[in-house]
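Coordinate analysis (summary)
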Amino acid sequence: MRINRFEEIEAWKAARSLVNLVYEAIRQNAGFRRDYRLVNQIQGAAVSAMSNIAEGFARQSNKEFIHFLFIAKSSAAEVQSQLYVALDQDYLTETAFKKVYEQAERVSKLTSGFIKYLKTTLNTQQTQQTQ
């Protein structure tokens, strides 16, 4: 299956959902909204996951795409870490924490799967070129 647009990538769709969940969680708590540094940090990490998937796709090179997917995966982990700060400051309920955390985990797993697929494709292409 050929992907023609980054919007077709499942990891990007999951990252978009993560962004929406992060923004929703922030809107739900006035204290969270006022913690500007944390808000900027967690929003930035969520948006970074989504953006790096799109940017990597635009590079049209599997090697570069893989690099950007690793950045997206790292950004998802950053969201997860910052969620603990929000939980510890009582900005999130356990339920809200779990919902956003699990979405970040989904982004990470989809991104990892895509990295493995692209590495396999890259290795196959390199093998064919040397023959």
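1. Regarding the overall build of the protein chain
Check the secondary structure of the protein chain and you find five helices and zero strands. For the protein chain, the share of sequence-separated contacts (at least 6 apart) that also reach a separation of at least 24 residues comes to 70%. When the accessible surface of the protein chain is split by element, carbon and sulfur atoms take 48% of a total near 8,000 Å². Taken together, the 17 basic and 13 acidic charged side chains of the protein chain have centroids lying 5 Å from each other.

2. Describing the pattern of salt bridges
Tallying each qualifying case throughout the model produces five salt bridges. A salt bridge links Glu55 to Arg59; its shortest N-O distance comes to 3.1 Å. Given the relative accessible area of 37%, Arg59 is considered partly exposed. The structure contains a network of salt bridges with shared partners spanning Glu55, Arg59 and Glu64.

3. Some remarks on the nonpolar core
By size, the foremost hydrophobic cluster in this structure holds 40 residues, and its most contacted members are Ile9, Leu18, Val22, Phe32, Ile53 and Val79. Within the residue set of this core, elements represented by two or more residues are helix H1 (10–27), helix H3 (36–58), helix H4 (62–88) and helix H5 (94–130). In terms of residues, this core owes the most to one element, H1, which gives ten residues. Setting aside residues up to four positions removed in sequence, Val79 forms contacts with Leu18, Val22, Ile42, Ala45, Ala46 and Ala104.

4. Describing the environment of Ala45
Within the fold, Ala45 resides in helix H3. Since its relative accessible area comes to 3%, Ala45 is described here as buried. In this structure the C-alpha to C-alpha distance between Ala45 and Val22, which are 23 residues apart in sequence, comes to 9.9 Å. Look past the residues within four positions of Ala45 in its chain and what remains in contact with it is Ser75, Glu78, Val79 and Gln82.

5. Quick notes on the packing of H3 against H4
Axes are the key here: two packed helices are described by the angle between their axes and the distance separating the axes. Look at H3 against H4: their axes get within 8 Å of each other, and the N-to-C directions meet at 160 degrees. Overall, the two elements H3 and H4 adopt an arrangement that is roughly antiparallel. Of the two elements, H3 crosses H4, and the hand of that crossing is left-handed. Residues that form the contact of H3 with H4 fall into these classes: 17 nonpolar, six polar and two charged.

What counts as what
Residues numbered from 1 in each chain as written. Predicted model: local features only at pLDDT ≥ 70, side-chain atom pairs only at ≥ 80, totals over all residues. Heavy atoms only, no water. Helix = DSSP H or I, 4+ residues; strand = E, 2+ residues; numbered from the N terminus. Contact = heavy atoms within 4.5 Å. Areas by Shrake-Rupley, 256 points an atom, 1.4 Å probe, with all protein chains shown as cover. Lys, Arg positive; Asp, Glu negative; His and termini not counted. Charge placed at Lys NZ, Arg CZ, Asp CG, Glu CD. Salt bridge = Lys/Arg side-chain N within 4 Å of Asp/Glu carboxyl O. Buried < 20%, exposed > 50% of the residue type's maximum accessible area, 1.4 Å probe, protein only. Core = buried A, V, L, I, M, F, W, Y, C linked by side-chain atoms within 4.5 Å. Axes fitted to C-alpha atoms, helices over the stretch in contact; angles between N-to-C directions. Parallel < 35°, antiparallel > 145°, perpendicular 65-115°, else oblique. Left-handed = near helix turned anticlockwise from the far one by under 90°. Nonpolar A, V, L, I, M, F, W, Y, C, P; charged D, E, K, R; others polar.

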